[in-house]
Amino acid sequence: MDLTSYVTKWIHGFVRSWVCQIHGFEAERLLSLPCLGGLLAGLGLCVICRRGSWRFIYVALCTAKRDITCLLVVLRVRFSMYRYQRNRSTIPALFAQTVTRHPDKPALIYEATGEVWTFRELQERCHAVAHWALAQGWVEGDVVALYMESQPLVVALWLGLAMIGVEAALINFNLRQQSLLHCVAASSARAMVFGTEMKEAMSEVSGSLQPGMVLFISGEQDNEEKLCGLQVQSLDAILDRSPKHAPQRTLKKEFNDRLFYIYTSGTTGMPKAAIVVHSRYYRIAAFGNHSFGLSCDDIIYNCLPLYHSAGTIMGVGQCLLFGATVVVRRKFSASRFWDDCVKHKCTIILYIGEICRYLLAQPNRPSEAQHRVRFAVGNGLRPSVWEEFVKRFQIPRVGEFYGATECNCSLINIDGKVGACGFNSRIVPSFYPVRLVRVQEDNGELLRDSQGLCIPSLPGEPGMLVGRINQADPLRRFDGYADQDSTKKKKANNVFKMGDSAYVSGDVLVMDEYGYMYFRDRSGDTFRWRGENVSTTEVEGVVSGLLGHTDVAVYGVSVPGVEGKAGMVAIAQAGGQFDLHALLMGIQKALPSYARPIFLRLVPSVDTTGTFKIQKTRLQREGYKPRDSSDTIHFLNSRAGCYQVITDELYNAIMEGKVSL
């Protein structure tokens, strides 16, 4: 027997004995498929031939178990998606199947009130929403904006609207004024539902809403009221009167049609309305479910906002599609986190990296050792925080993933590699067509070779993550945004080969020799702070407007021991003076807390290119350290409520983590 045959036979035997113990009969069927047999044969051939390197043979053997486990997950999700696409399934239809399997099982638990909705009750509320929408005369393709804090009603609203083909626009409840108006307008919403907690924010923009906008409020007892002269109807009263049976209506939409919009910060300023189709919703939720071994017996603690894909797809999707129970918390609370988990006997927690850091900053309490959590699922967990988090809170497993709402190049850390946000196979990298490609450091432009193709990054070399687009493949499609110009800007041509197109993530990652990928930076005009994407262009517009259109440059700077980058704004004084206190008041009114600049730098002028584009490279490099120059640097003291000048002593305190951000 030659070496190739021996390696292939050994791998196939290993996979069959190991995988079938975990995945059962379905894995046995998958192992008999020609595509998997071909992959295993290719694996044996790669081990012998590829690069002619014994080091590569070692890497291949070390990663075979990981790669084949992920292959089985991909095949399982792919077959399901093709079946649902062939049957023209939708998320409401798949949810109806879940209700049939678990009618009286708790589906959603609202931590704020202790209210429990069974799957049957959730479906009835969705039906009431569908009847309400039909009574309004809305048809398939119409959009309704949802602007409210996290609660089970948010799920019932978008799912009930989807039952008749109406699309929801899930708006970030932190947005105010122009950002809020932009999001409503970007979706072309005909109506808007807002919670009573958002009443003040709505009052600020009510006079600027599109003509004919119909408003509904949830949480108020009065049937009707006025909001700055606009008529507002009580949604709660309407839904109480609505029928609870399924509406007699045949849905024309199919698996690849629009479900709802989730807003994501872009490189051009205001948030963009990312299109989420039914198949994308299923894909994200299914990959999380099968990769991490989640089940209908799990109780998931979800304190992430329901306007985010992590909260409403990765989290709530486990309930709607796979029968898990989800505990919904209105807002994250570090002091109540473990008490809630113990109270509801949660087995899964959802996180973003900042949440883990906040929890570690809390004093020890008995509940953190009394919980039943077996798995933490999320993204953005730094290596140092990762190990401390797992050790202190005794979390058996962490499932890290990477992926923007709209991207087609999601990654998943299937085996708990500390610090990695996912991986790509080094054995057969073309099976999952994502790649890291070289970019220019100053502007993030893709670098190309003499043939015009993008240049792959080598292991250990940072690169932009891109994913090949194939609209016929539900795993590779890119649906883009409501705005077509924004969609075009996220595409690049001639990336893997001439004539192709790829989604450009805007994120810089680095891959090690085993294929594990680690998040390095967020390129372009966004950065991440407190679990949110911050658009520098949006913040620049607000600050410049408050200062009479003064030139400003907004960028992110690193702070030791803190996830993401803190916002910093350089303001061109040009000989003029302004009131720092008034500026801060305006910023606090116009921007959500995570988008407010932490550092402020007063400069004579802002560097620009010949076409008047702002250059930030030098400013980012110099950071916020006081220097012997004409520039004055300030720090936002949140406790004192003011910007104060950074001295050497204050700078050292920030670097040592002694100052709260």
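Now for a description of the structure that goes with this document.

### Focus: the pattern of salt bridges
- Summed over the entire model, instances satisfying the criterion amount to 25 salt bridges.
- One salt bridge in this structure joins Arg125 and Glu115, with 3.6 Å as the shortest N-O distance. With Arg125 in helix α6 (residues 119–135) and Glu115 in strand β2 (residues 115–118), the pair connects residues that are ten residues apart, well separated along the chain.
- Two residues, Glu149 and Lys331, come together in a salt bridge whose shortest N-O distance is 3.3 Å. Of this pair, Glu149 sits in the loop between β3 (143–147) and α7 (152–162) while Lys331 sits in the loop between β12 (325–328) and α13 (337–343); the two residues are 182 residues apart in sequence, bridging distant segments of the chain.
- Residue class for Glu149 comes out buried when judged on its relative accessible area of 8%.
- Classification of Lys331 by relative accessible area gives partly exposed; the value is 37%.

### Points about the pairing of strand β4 (residues 167–170)
- With burial as the criterion, each face of β4 is covered, one bearing Glu167 and Ala169 and the other bearing Ala168 and Leu170.
- With respect to chirality, the unit in which β3 leads through α7 into the neighbouring parallel β4 is right-handed.
- Two strands pair when backbone bridges link them, and β4 and strand β9 (residues 258–264) are joined in this way by three bridges, in the parallel orientation. Bridging from a neighbouring strand, Ala169 pairs with Tyr261 of β9.

### Some thoughts on the nonpolar core
- Counting residues in hydrophobic clusters, the biggest one holds 184 residues, and the most contacted among them are Trp132, Trp158, Tyr281 and Phe599.
- Sort the elements by how many residues they give to this core and α7 lands first, with nine residues.
- Sequence-distant contacts of Tyr281, defined by excluding residues within four places in its chain, comprise Ile91, Trp158, Leu259, Phe260, Val276, Thr312, Ile313, Val316, Gly317, Leu320 and Leu321.

### Looking at the packing of aromatic side chains
- For the structure on display, the rule yields 23 aromatic pairs.
- With centroids separated by 5.3 Å and ring planes inclined at 55°, the aromatic side chains of Phe292 and Phe375 adopt a geometry described as tilted. Placement of the pair is Phe292 in helix α11 (residues 278–292) and Phe375 in strand β14 (residues 375–379), with a sequence separation of 83 residues.
- We classify Phe292 as buried; its relative accessible area is 1%.
- A residue is classified by how much of its surface remains accessible, and Phe375, at 0% relative accessible area, is buried.
- Between Phe332 and Tyr358 the ring centres are 6.1 Å apart and the planes differ by 25°, which places this aromatic pair in the stacked class.

### Some points on the sheet that holds β2
- Spatially, the eight strands line up as an open sheet ordered β2-β1-β12-β11-β13-β14-β15-β16, and their pairing is mixed. The open sheet has two edge strands with one neighbour each: β2 and β16 (411–412).
- Two strands pair when backbone bridges link them, and strand β13 (residues 348–352) and β14 are joined in this way by five bridges, in the parallel orientation. Each bridged residue has a counterpart across the sheet, and for Ile352 the counterpart in β14 is Asn379.

Basis of the calculations
Each chain has its residues counted from 1, following the order in which its sequence is written. A pLDDT threshold of at least 70 governs which residues receive local features in this predicted model, and a stricter bar of 80 or more applies before side-chain atom pairs are shown or counted, although totals over entire chains, interfaces and linings include all residues. Calculation of side-chain values draws on the structure's entire complement of heavy atoms; hydrogens and water are dropped beforehand. Basic side-chain nitrogens of Lys or Arg form a salt bridge, by our definition, when they fall within 4 Å of a carboxyl oxygen of Asp or Glu. Here a helix means four or more residues in a row that DSSP labels H or I, a strand means two or more in a row labelled E, and each is numbered from the N terminus. Residue burial is assigned from relative accessible area. The probe radius is 1.4 Å, only protein chains are included, and a residue is buried under 20% of its type maximum, exposed over 50%, and partly exposed in between. Looking down the strands as they point away from you, a crossover is right-handed if its path from the first strand over the helix to the second goes clockwise. Note: two strands are recorded as paired if DSSP finds a minimum of 2 bridges between them. To form a nonpolar core, buried Ala, Val, Leu, Ile, Met, Phe, Trp, Tyr and Cys residues must be joined to one another through side-chain atoms within 4.5 Å. Throughout, a contact is declared for two residues whenever any of their heavy atoms are within 4.5 Å. Centre distance within 6.5 Å is the pairing criterion for rings of Phe, Tyr and Trp, where only the six-membered ring of Trp is used; planes under 30 degrees apart are then read as stacked, over 60 as edge-to-face, and the remainder as tilted.

Read these as spatial facts, not as claims about activity.
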